[in-house]
Amino acid sequence: MLIPHPLLGPRDAQEFTYLGDAALLDRPDGMADGAEAAFFDYPYLRDNPAGLHRELWFHEQGDRSWLVVTRDTVTHEIVSAELASDVKRRGGA
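Thresholds applied
Residues numbered from 1 in each chain as written. Predicted model: local features only at pLDDT ≥ 70, side-chain atom pairs only at ≥ 80, totals over all residues. Heavy atoms only, no water. Core = buried A, V, L, I, M, F, W, Y, C linked by side-chain atoms within 4.5 Å. Buried < 20%, exposed > 50% of the residue type's maximum accessible area, 1.4 Å probe, protein only. Helix = DSSP H or I, 4+ residues; strand = E, 2+ residues; numbered from the N terminus. Contact = heavy atoms within 4.5 Å. Salt bridge = Lys/Arg side-chain N within 4 Å of Asp/Glu carboxyl O. Phe/Tyr/Trp six-rings, centres within 6.5 Å; stacked < 30°, edge-to-face > 60°.

### Notes on the nonpolar core
Here is step 1: Within the largest apolar cluster, nine residues are counted, these being Ile3, Ala13, Phe16, Trp57, Leu67, Val69, Ile78, Ala81 and Leu83.
Here is step 2: Of all elements in the fold, only β5 (66–72) and β6 (78–83) reach the threshold of two or more residues within this core.
Here is step 3: The element contributing the most residues to this core is β6, with three residues.
Here is step 4: In this structure Ala81 touches Ile3, Pro4, Pro6, Val68 and Val69, once residues within four positions along its chain are discounted.
Here is step 5: One finds Leu25, Leu56, Ala84 and Val87 within the second-largest nonpolar core, a separate group that totals seven residues.

Written out as structure tokens, the structure is:
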């Protein structure tokens, strides 16, 4: 599987480490009301969708950047890849 790195072009998926759902970028506020429940849900409750899914990938054997990859989990087709820092700056995962 080739991942279209936004800075380096197509890279083999073996250069990356998969972390999981890109929703992990939306870390709960530890000082907010209900923080204890939110922090329980944050690492443990995850969806496992069939179809389009936004995922975090770390370019471990490259420039060490984090990417948000939109991938079809059924066909493994990659629709897009963005730098996670750009996604976070825009305020969405």
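That shown, we press on.
### Observations concerning the pattern of salt bridges
Here is step 1: Taken as a whole and assessed by the stated rule, the structure comprises five salt bridges.
Here is step 2: Linking Arg71 and Glu55 is a salt bridge whose minimum nitrogen-to-oxygen distance equals 2.7 Å. Pair noted here: Arg71 is in strand β5 and Glu55 is in strand β4 (residues 52–58), with a separation of 16 residues, a long-range link. Residue Arg71 shares its accessibility class with Glu55, and that shared class is buried.
Here is step 3: Put simply, Asp86 and Arg89 hold a salt bridge, and the shortest N to O gap is 2.9 Å. With Asp86 and Arg89 both in helix α2 (residues 84–90) and three residues apart, the pair spans about one turn of that helix.
Here is step 4: Residue classification places Asp86 among the partly exposed positions, given a relative accessible area of 29%.
Here is step 5: Look at the salt bridges and you will find they share partners, linking Arg54, Glu82 and Arg90 into a network.

### As for the packing of aromatic side chains
Here is step 1: This model, assessed by the stated rule, comprises three aromatic pairs.
Here is step 2: Ring geometry for Tyr18 and Trp57: centres 5.3 Å apart, planes at 65°, overall edge-to-face. Here Tyr18, found in strand β3 (residues 17–21), pairs with Trp57, found in strand β4; they are 39 residues apart in sequence, far enough to count as distant.
Here is step 3: The exposure class assigned to Trp57 is buried, which follows from its relative accessible area of 8%.
Here is step 4: Among the aromatic residues, those joined into a ring-pair cluster are Phe16, Tyr18 and Trp57.

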